[in-house]
Amino acid sequence: MSEAKKLYRSKTDRKILGVCGGFAEYFDVDVTIMRIIFLVLLLCAGGGLLAYLICALVMPEKK
């Protein structure tokens, strides 16, 4: 059986808290795409900052 994928904050690919890096590793996409998604959410809906902060509090850091 393969081990289930887990979502962690990145320790290596981070600018602030590693949330975008963690999402990029989990979904296997470029981290720049994740940063653009969070930026668009921040500018359009205003929910990007809140989502980022909640993820930073909830997601454990990769060991």
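Residues numbered from 1 in each chain as written. Predicted model: local features only at pLDDT ≥ 70, side-chain atom pairs only at ≥ 80, totals over all residues. Heavy atoms only, no water.

Enquirer: Please explain the nonpolar core as it appears in this structure.
Expert: Where a protein is soluble and globular, its nonpolar side chains tend to be buried together. One finds V19, C20, F23, A24, V31, M34, F38, Y52, C55, A56 and M59 forming the largest nonpolar core, which totals 11 residues. Top element by residues in this core is helix 1 (residues 19-27). It accounts for four residues. When sequence neighbours within four positions are dropped, the list of residues in contact with C20 reads V31, M34, R35, F38 and Y52. (Core = buried A, V, L, I, M, F, W, Y, C linked by side-chain atoms within 4.5 Å. Buried < 20%, exposed > 50% of the residue type's maximum accessible area, 1.4 Å probe, protein only. Helix = DSSP H or I, 4+ residues; strand = E, 2+ residues; numbered from the N terminus. Contact = heavy atoms within 4.5 Å.)

Enquirer: Please clarify how unusual backbone geometry should be interpreted in this entry.
Expert: Glycine aside, the phi torsion of most residues is negative, and most peptide linkages are trans. The phi torsion at D28 lies on the positive side, around 55 degrees, for a residue other than glycine. Its place among the elements puts D28 in the loop between helix 1 and helix 2 (31-44).

Enquirer: Can you walk me through the pattern of salt bridges in this structure?
Expert: Any two side chains of opposite charge can pair, so long as their charged atoms come close to each other. On inspection of all chains with the given rule, the structure shows three salt bridges. As a salt-bridge pair, D13 and R35 come within 3.6 Å of each other at their nearest N and O atoms. Of this pair, D13 sits in the segment before helix 1 while R35 sits in helix 2, and the two are 22 residues apart along the sequence. With its nearest N and O atoms 2.7 Å apart, the salt bridge here joins R14 to E61. Of this pair, R14 sits in the segment before helix 1 while E61 sits in the segment after helix 3 (47-58), placing them 47 residues apart in sequence. (Salt bridge = Lys/Arg side-chain N within 4 Å of Asp/Glu carboxyl O.)

Enquirer: Just checking my understanding: could you explain the packing of aromatic side chains for this structure?
Expert: The way to describe two aromatic rings as a pair is by their centre distance and the angle between their planes. Within this structure, the stated rule accounts for four aromatic pairs. Ring centres of F23 and F27 lie 6.2 Å apart, and the angle between their planes is 5 degrees; on these two criteria the pair is classed as stacked. Residue F23 and its partner F27 are both found in helix 1; the two are separated by four residues, about one turn of the helix. With a relative accessible area of 14%, F23 lands in the buried category. Relative accessible area serves as the criterion here: at 49%, F27 is assigned to the partly exposed category. (Phe/Tyr/Trp six-rings, centres within 6.5 Å; stacked < 30°, edge-to-face > 60°.)

Enquirer: Which parts of the structure should I look at to understand helix 1?
Expert: Because each turn of an α-helix spans 3.6 residues, side chains separated by three or four positions end up pointing in the same direction. Residues of helix 1 that are buried: V19, C20, G21, G22, F23 and A24. Residues of helix 1 that are buried sit in contact with helix 2 and helix 3. In the segment just after helix 1, D28 is the residue with positive phi, at about 55 degrees.

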